[in-house]
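# Tertiary structure, described
In case you want the letters, here they are:
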Amino acid sequence: MNSPSAQFVTSRRMGVYDPIHQMSMWGENFKSNSNLNSPASLIVEDVKLDSQSEDASHGISGPSNQYDQEATKPVDKAQRRLAQNREAARKSRLRKKAYVQQLETSRLKLIQLEHELECARHQGSYIGGGLDAIHPGFPGAVNPGITTFEIEYGNWVEEQNRQICDLRNALNAHVTDMELRMLVENCRNHYFELFRMKETAAKADVFYVTSGMWKTSAERFFSWIGGIRPSELLKVLGPQLNPMTEQQSAKVVVLRDACLQAEDALWQGMERLQQTLAETVAASQLIEGSYIPQMAPAMKKLEALVEFVNEADHIREEALEQMFHILTIRQAARGLLALGEYFQRFRALSKLWATRSHEPA
Amino acid sequence: MDKVTRLVSEKGIVIFSKSSCCMCYAVIILFKELGVKPLVHEIDEDPEGREIEKALMRLGCNAPVPAVFIGGTLVGSTNEVMSLHLKGSLTPLLQPYKSP
C-alpha cells in the first residue's frame, strides 16, 4: 500500500500511531501556539498522494461497500467520511510541510546566530543592535566599522593606562621639563587619536557612539552626546593645576564659560533635532502596509545626528587644545594624569558594580 | 554671488541657514547667548536659494549652511565658530555689534 520512503518528509505511512502523523499533529499545535505564518500558497496538491490517502483511510474505516441492503445510506455516509478523511489528510500534510519548513529556517538561523556569537566573542561584544537584530531580513549582522572600533578602543585604553603610569612615575621622579614635554605630547596625541576613531565609528553607527556602549557602565551615566561633557573635562583638570598664575586662572575661567555656552547651544540644537524627528515620525502614514516610503525625511534627520556627535568631539578636542596653550608643561602633565586617573577610577567602579553581590542583605 | 555680497554687507552679523537644519539653529542660539542679533537668511525659503548655496560652496564652505559672516567676511561654519569661541577670539569680533 505504501512505499516506505527514505525521506522523512515524504514518508507515507498513515497508521494512527505513526510518528510522522503524531509530529504533524504536534506541528499544528506548535503553529497555533506561536502565531507563526504558514506560507499559504506554496504547497501544490499531489494527486498521487491523495489516492494513497484514500487507500489508507479505506483501510482504516473498513470496507464500506459490502452491505447492499443499506446501500444508499451507509454508502453516502461512507463517501462523506472518505471525503472528510481525504481532506483532513491533505490538510495534515500541508501543516506538516509548513512546520518542517519552519524548522529548517529556524535551524539555519540558529547556525548563523551561533556563528556570529562566536565571531563577536573573539572580536568584542558588539552584535548589531539588540532589537534591530530581531527583524526579518536583518539577521543582526556584525558592523565591521564598530567591531574595528571596539578592538581599537580596547588597545587605546591599554595604551592610556601605560601613559598614566609613565606620567605618574615621571612627576614623582621630578624629571626635566624636556622629558615631561615628550610624555605630554604623547598623551595629547593619544586623546586626539580617540577623536579620530570616534569620528569613523560615528559614520559606521552613530547610535552606537551616542549610546556610550563602548564605555563602561558608570562612565555611561555621564555620557553627553557621545562622551564626557567638555566643561566637565576642564572641571576635572582644574584643581590639579594649582598653583596657577592669575592670568592663567582667568583664561581657564573664560575657556570654561565658552565651553558651557557652546555645550548649551549644541544641546539646544540636539533637542530641536529630537523634536523635528518626533514630528516627522508622528506624521508618517502607512502606505501599502509599510512606513518605509515616508521615512526619507526622518533618515535625513538621523544623519544630522552624526554632525552633532562630531561637533561635540570637536569641542572636547578644542577645549583640551586650549588648556595646553594656557598651561605650563608641568601643569599639563599633572592635569593629564588627573584626567587619566579619573577615567581609570570610573572603569574600576564599573567593574566593582558589575561583580557586586546580588544577595539580599 | 552678488546677492551674497549684498546680504552680508547689510548687517554686521549674517548667518545663512536652512529652516530644517538643526545645526544652524545651534549656531544661531550661540550668537544670541553672546548678546548679538544676527541676520538669519533661510536659503530654503529664498527663491534664489540654489544660487546662494552654490555661491557659498564656491567661497570654500564644506557645507553651505550654516555660513557665518561677520563684518562682511566669511568666518566659516560650525567648526570654525566653535573653535574661535573656545580660543576666546569670537567675543572680541562681536563686540562692535553688541546691543547696548
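Just so it is clear, the structure is predicted and the values come from calculations on it, not from any experiment.

## Observations regarding the packing of helix α4 (residues 144–172) of chain A against helix α11 (residues 329–354) of chain A
Residue and element names in this part refer to chain A. One way to put it is that α4 packs onto α11 with a least axis distance of 9 Å and a crossing angle of 130 degrees. The orientation of α4 with respect to α11, classified from their angle, is oblique. Crossing hand, α4 versus α11: left-handed. Every residue of α11 that contacts α4 at Y153, V157, Q160, N161, I164, L167, R168 and L171 is listed here: R330, A333, R334, L336, L337, G340, E341, Q344 and R347. For the contact of α4 with α11, the per-class residue count stands at 8 nonpolar, 4 polar and 5 charged.

## Observations concerning the UniProt feature "transmembrane region" (unreviewed entry) in chain B
UniProt tags residues 12–31 of chain B as "transmembrane region" (unreviewed entry). Between the C-alpha atoms that bound residues 12–31 of chain B there is a distance of 12 Å. The span itself is 50% helix and 25% strand.

## Quick notes on the pairing of strand β3 (residues 67–70) of chain B
Residues and elements named next belong to chain B. Alternating positions in β3 separate into two faces, A67 and F69 on one and V68 and I70 on the other, with burial throughout. Where strand β1 (residues 13–17) lies against β3, 4 bridges are found, and the strand directions are antiparallel. If you follow I15 over to β3, its bridge partner there is V68. Pairing between β3 and strand β4 (residues 73–76): 3 bridges, direction antiparallel. Each residue of the ladder has a partner; that of I70, found in β4, is T73. Between β3 and β4, which pair antiparallel one after the other, the connecting turn spans 2 residues, and G71 there sits at a positive phi close to 60 degrees.

## A word on the pattern of salt bridges
Side chains that differ in charge, positive against negative, can pair when their charged atoms come close. Residue and element names in this part refer to chain A. Scanning the entire structure with this criterion turns up 19 salt bridges over all chains. Two residues, E159 and R162, come together in a salt bridge whose shortest N-O distance is 2.9 Å. Of this pair, E159 and R162 both sit in helix α4, 3 residues apart, which is roughly one turn of the helix. Overlapping salt bridges bring together E87, R90 and K91 as one network.

## Quick look at the sheet that holds β4(B)
All names here are of chain B. Strand order in the open sheet formed by 4 strands is β2-β1-β3-β4, with mixed pairing between adjacent strands. The open sheet has two edge strands, β2 (39–42) and β4, and neither has a second partner. Taking the axes of each pair of neighbouring strands and ignoring which way they run, one obtains an average angle of 25 degrees across the sheet. In this fold helix α2 (residues 22–33) packs onto β1, β2 and β3, with an angle of close to 160 degrees to the strand it touches most, β1.

## So, empty space enclosed by the protein
All names here are of chain A. Here the structure, examined in full by the defined rule, presents 4 cavities of 30 Å³ or more. Of the pockets and cavities examined, the largest cavity occupies roughly 280 Å³. In terms of lining, the largest cavity is formed by 21 residues, of which the most central are L194, K215, E219, I228 and F343. Every element with two or more residues in the lining of the largest cavity is listed here: α4, α5 (177–204), α10 (296–326) and α11. Ranked by residue count, the leading element in the lining of the largest cavity is α11, at 5 residues. By residue class, the composition of the lining of the largest cavity is 14 nonpolar, 2 polar and 5 charged.

Procedures and definitions
- Residues numbered from 1 in each chain as written.
- Chains lettered and ligands numbered in written order.
- Predicted model: local features only at pLDDT ≥ 70, side-chain atom pairs only at ≥ 80, totals over all residues.
- Heavy atoms only, no water.
- Axes fitted to C-alpha atoms, helices over the stretch in contact; angles between N-to-C directions.
- Helix = DSSP H or I, 4+ residues; strand = E, 2+ residues; numbered from the N terminus.
- Parallel < 35°, antiparallel > 145°, perpendicular 65-115°, else oblique.
- Left-handed = near helix turned anticlockwise from the far one by under 90°.
- Contact = heavy atoms within 4.5 Å.
- Nonpolar A, V, L, I, M, F, W, Y, C, P; charged D, E, K, R; others polar.
- UniProt positions renumbered as here; feature names shortened; annotations may be inferred.
- Buried < 20%, exposed > 50% of the residue type's maximum accessible area, 1.4 Å probe, protein only.
- Pairing = 2+ DSSP bridges.
- Salt bridge = Lys/Arg side-chain N within 4 Å of Asp/Glu carboxyl O.
- 1 Å grid on protein atoms, 1.4 Å probe; cavity = no way out; pocket = protein on both sides within 12 Å on 5 of 7 lines; lining within 4 Å.
- Points joined across faces, edges and corners; volume = space filled by probe spheres on them.

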